[in-house]
Amino acid sequence: MIGLISATAAGAAARDRLAAAWPDRTRVYDGPVKDAVRSAFAECEQLVCFLATGAVVRLIAPLLGGKATDPGVVCVDEGGRFAVSLVGGHGGGANELAREVGELLAAQPVVTTATDSVGLPGLDTLGLPVEGSVAAVSRALLDGEPVALHAESAWPLPPLPLAEEGAFAVRLTDRAVEPAGNEVLLRPPSLVVGVGASKGAPVDEVLGLVEAALRDAGLSPRSIAELATVDAKSGEPGLVEAAARLGVPLVTYSAEELAGVQVPNPSDAPLAAVGTPSVAEAAALARGGELLVPKRNSQREDGRAAMATCAVVRRPARGRLAVVGLGPGARDLLTPRARAELRRAAVLVGLDQYVDQIRDLLRPGTRILESGLGAEEERARTAVAEARAGQAVALIGSGDAGVYAMASPALAEASDDIDVIGVPGVTAALAAGAVLGAPLGHDHVSISLSDLHTPWEVIERRVRAAAEADIVVTFYNPRSRGRDWQLPKALAILAGHREPTTPVGVVRNASRPDESSRLTTLAALDPAWVDMMTVVTVGNTATRNVAGRMVTPRGYRWQQSTREEDR
C-alpha cells in the first residue's frame, strides 16, 4: 500500500489525482502531518509526501530503522514539478515509484542513487536475494575497479561490467556459503524441493525436513524456487503454509505426470495413496534437473511414523531471449517495454544500423553482436545460442519484430529450453498509416514484394487474392535497384479490380527526420517515387481522399451513402 500525505490545497489536488488513478494501491492519510507520516510509515510499503523535502527529512528521521525494512519515500513539491526518490530507492522501490508518479503527474523524477545515475543496475535490484558487501562492491563498480564474477551456474543476469578477476567479487551460487569480505552473493532460484505429506502433516515437520535436507546438502534456502507436489496434495495445510513461510509457490502435477517421471526410489505407498510411485522425487524432477538430495523422510521426536518426504533438485538455468521491435525509427515511438528489455539484456544481437539507433540506451557492460544486411538467419542462430548458454539476450528488429523481421527465424531455431519474450513495436504500415490519415480503417493486408525468399508466383497469387477480396493493401519492400518490375506488376493486378482514382499513399522513412509522403491515385502513381525505405498503401473501393487525407471507412453504411452522393 502507498500512503499519501499532503499539507496544502495544491498538494491535496495532486494527492487526489494519484488516489483516483491508483485506488487499489493508495491510502490517503489526513489529519496533522506529523501524525499522518508516522502512521503511514508504520502501515505502508511506500509513501508519497506532497511536502518540502526538508520537512519530510525531519519527519521521518526518528522513524528510520534500516534500508532493509524502511518503506520507500517519494517527495513531490508543491508545484508538482519534481518527484524525488528520498529513501528506499532500491529496497523500498522509491526509484521506480518516483518514475511512476512523475509519469502520472507530468513531473520530473529525481533519482540520485549512484548506480541508477550512471546506468548500472543496483546489485540489490536484480530480482535475486543478495548477501554480503553490497555497498563496497557497488562502489567498486562505480569507481571502475575490476569486480570478478564467479558464476557457479549460468543465470540470465542483466549487464554488469564484471571481470574474470578482481579484488571485489560477485558470486552467483545456491550453496550455503558465507560471503567473503569484499564479496556479494547472489542467490539464483535454482532449487526445486519436491514434497510429499500424509494428511494432516504439521507445517513445522515439513519445514524442518526441508531445512535439514538443504543444510545437510550444503544448499541455501534462499535459492528455493518452488515447492512441488502432486495435485491431490494441493490443499494440504502443512504444505500450503510451508510454501507461504518460505515465500515460494506450491506447484502441483497430476499423478499421471509424476508416474511418467523416472526416479531412483519409487515406492508402493504413494502409488496406493495418490496413484504415482513417487511424489517428492518425481515432483522435483518433473521439469528436469540434477537430483541433489534423494527422497528422505522427516524425523519425529515422538518416534511415530514420518508424515513428510522431500527431495531436492537443481534445475538448469533457462536463458532469456527477448525479441524486441524498435518501431519505425523515431525514438518516441520506441515503447517503454522495449526500452526496459534493452536495458535488461546482457547480450544484444542485431543489424548494425538498428544497433546504432539504440546504442545510447544500453547499459554499461552490454555485449553487442552486430552484423550487416543479409545475415538474418545467422543473427537468429546467434541469439538463440547465447540464450541457451544462460544469457539474457535481446534480439532487435525494426517495426514489430514479428512482422517481416527477426522473430520468425529466431523462434524457428528456439526450442522449449529457453524463455522467449516478444516485445511488440509500431510497424512501418501503422506509422505510414498515421501519416496518411486512416487508410487501414477496415480490413487490410500487408504483402512483401521481395522475391528473395518467396517465389514471385506465390506473391502474385496473394496480391490477386487481395485485389479480388477488395482489401486495402500495404506493400513492404516494394522496389529496389535490382527489383524494379514487381511493384508495377502488383499495381496492374490491383488496377484490374479498382478504379484508376483509388487513393494510394506513398510514405518514405515514416516517423524519421527525413520523412516524406504523398497521396496520389492508382493511375497516377509513379514507381520511380518508391524505394526500399518506402511503404505503399493502396486503398479499396471504399477508400476516399478526404481533405487531403486517405480514409477507409469502418463500415459499409458509410460506403453506401458515399456512393449515393457520388451519383
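Attention in this report is confined to the structure presented alongside it. (Residues numbered from 1 in each chain as written. Predicted model: local features only at pLDDT ≥ 70, side-chain atom pairs only at ≥ 80, totals over all residues. Heavy atoms only, no water.)

## Some details on the overall build of the protein
Looking only at helices and strands, one finds 19 helices and 28 strands in the protein. Projected onto its principal axes, the C-alpha positions of the protein cover 95 × 65 × 55 Å. Long-range contacts, defined as pairs at least 24 residues apart, comprise 64% of the intrachain contacts of the protein with a sequence gap of at least 6. Surface summary for the protein: the accessible area is close to 26,700 Å², and the carbon and sulfur share equals 50%. Side-chain charges of the protein comprise 56 positive and 68 negative groups, with the mean position of each set lying 3 Å from the other. (Helix = DSSP H or I, 4+ residues; strand = E, 2+ residues; numbered from the N terminus. Contact = heavy atoms within 4.5 Å. Areas by Shrake-Rupley, 256 points an atom, 1.4 Å probe, with all protein chains shown as cover. Lys, Arg positive; Asp, Glu negative; His and termini not counted. Charge placed at Lys NZ, Arg CZ, Asp CG, Glu CD.)

## Here's the deal with the sheet that holds strand E5 (residues 82-87)
Sheet strands line up and pair through hydrogen bonds in the backbone, either parallel or antiparallel. One open sheet accounts for six strands, arranged E2-E1-E3-E4-E5-E6; its pairing is mixed. Taken across any chain shown, the strands that pair with only one partner, and hence form the sheet edges, are strand E2 (26-28) and strand E6 (108-110). Ignoring which end each strand starts from, the neighbouring axes of this sheet average 25 degrees apart. Bridge count between strand E1 (residues 2-6) and strand E3 (residues 46-50): five bridges; the pairing is parallel. (Pairing = 2+ DSSP bridges. Axes fitted to C-alpha atoms, helices over the stretch in contact; angles between N-to-C directions.)

## Here we look at helix H16 (residues 428-436)
Side chains three or four residues apart in an α-helix point the same way, a direct result of the helix having 3.6 residues per turn. The complete set of buried residues in H16 reads Ala429, Ala431, Ala432, Gly433 and Leu436. Positive backbone phi, at 140 degrees, marks glycine 437, one or two positions downstream of H16. (Buried < 20%, exposed > 50% of the residue type's maximum accessible area, 1.4 Å probe, protein only.)

## Remarks on the side chain of arginine 483
Note that arginine 483 resides in the loop between strand E23 (472-476) and helix H18 (486-495). In this structure, arginine 483 is buried with no salt-bridge partner, the nearest side chain bearing the opposite charge being aspartate 451 at 4.5 Å. Among the polar contacts made by the side chain of arginine 483, one reaches the main-chain carbonyl oxygen of asparagine 477 at a distance of 3.2 Å. When near neighbours in sequence (up to four residues on either side) are disregarded, arginine 483 contacts Leu449, Ser450, Asp451, Asn477, Pro478 and Met532. (Salt bridge = Lys/Arg side-chain N within 4 Å of Asp/Glu carboxyl O. Polar contact = N/O pair within 3.5 Å; in protein donor to acceptor, adjacent residues only side chain to side chain.)

## A short note on the environment of isoleucine 471
Relative to the helices and strands, isoleucine 471 is located in the loop between helix H17 (456-468) and E23. Note on isoleucine 471: relative accessible area 22%, which makes it partly exposed. With 26 residues separating them along the chain, isoleucine 471 and valine 445 place their C-alpha atoms 6.8 Å apart. For isoleucine 471, the contacting residues outside a window of four places in its chain are Asp443, His444, Val445, Ala466, Arg498 and Asn540.

## Comments concerning the pattern of salt bridges
What the rule picks out here adds up to 27 salt bridges. Taking the shortest distance from any N to any O, the salt bridge between arginine 171 and glutamate 152 comes out at 3.6 Å. With arginine 171 in strand E9 (residues 168-172) and glutamate 152 in the loop between strand E8 (147-151) and E9, this pair connects stretches of sequence that are 19 residues apart. Through salt bridges with shared partners, one network takes in Glu152, Arg171, Arg175 and Glu183.

## Digging into unusual backbone geometry
One non-glycine residue, asparagine 477, adopts positive backbone phi at about 45 degrees. Mapped onto the fold, asparagine 477 is located in the loop between E23 and H18. Among the residues examined, asparagine 477 registers a relative accessible area of 23% and is labelled partly exposed. Even without a glycine there, the phi angle at alanine 547 is positive, about 55 degrees.

## Notes on the sheet that holds strand E13 (residues 250-253)
Spatially, E13-E12-E11-E15-E14 is the arrangement adopted by the five strands of the open sheet, whose pairing is mixed. Edge positions in the open sheet fall to E13 and strand E14 (290-297), since each of these has one partner strand only. If you compare each strand with its neighbour and ignore which way they point, the axes differ by 25 degrees on average. Bridge count between strand E11 (residues 191-197) and strand E12 (residues 224-230): four bridges; the pairing is parallel. Its bridge partner lying in E12, glycine 194 is registered against alanine 228. In the packing of helix H8 (residues 237-246) onto the sheet, contacts are made with E11, E12 and E13, and the angle to E12 comes to roughly 175 degrees.

## As for the pairing of E1
Most of E1 is tucked away: five of the five residues are buried. Burial of the side chains of E1 extends over both faces: Ile2, Leu4 and Ser6 are buried on one face and Gly3 and Ile5 on the other. With three bridges joining them, E1 and E2 adopt parallel strand pairing. Bridge pairing links leucine 4 to valine 28 in E2. Read from E1 through helix H1 (residues 9-21) to E2, the crossover connection turns out right-handed. (Right-handed = clockwise from strand over helix to strand, strands pointing away.)

## A look at the environment of valine 170
Examined against the element boundaries, valine 170 turns out to sit in strand E9. Exposure remark for valine 170: the relative accessible area of 1% places this residue in the buried category. As a C-alpha pair, valine 170 and glycine 132 span 38 residues in sequence and 9.4 Å in three-dimensional space. Filtering out sequence-adjacent residues up to four positions away, valine 170 remains in contact with Leu123, Val137, Val147, Ala148, Leu149, His150, Leu162, Val184 and Leu186.

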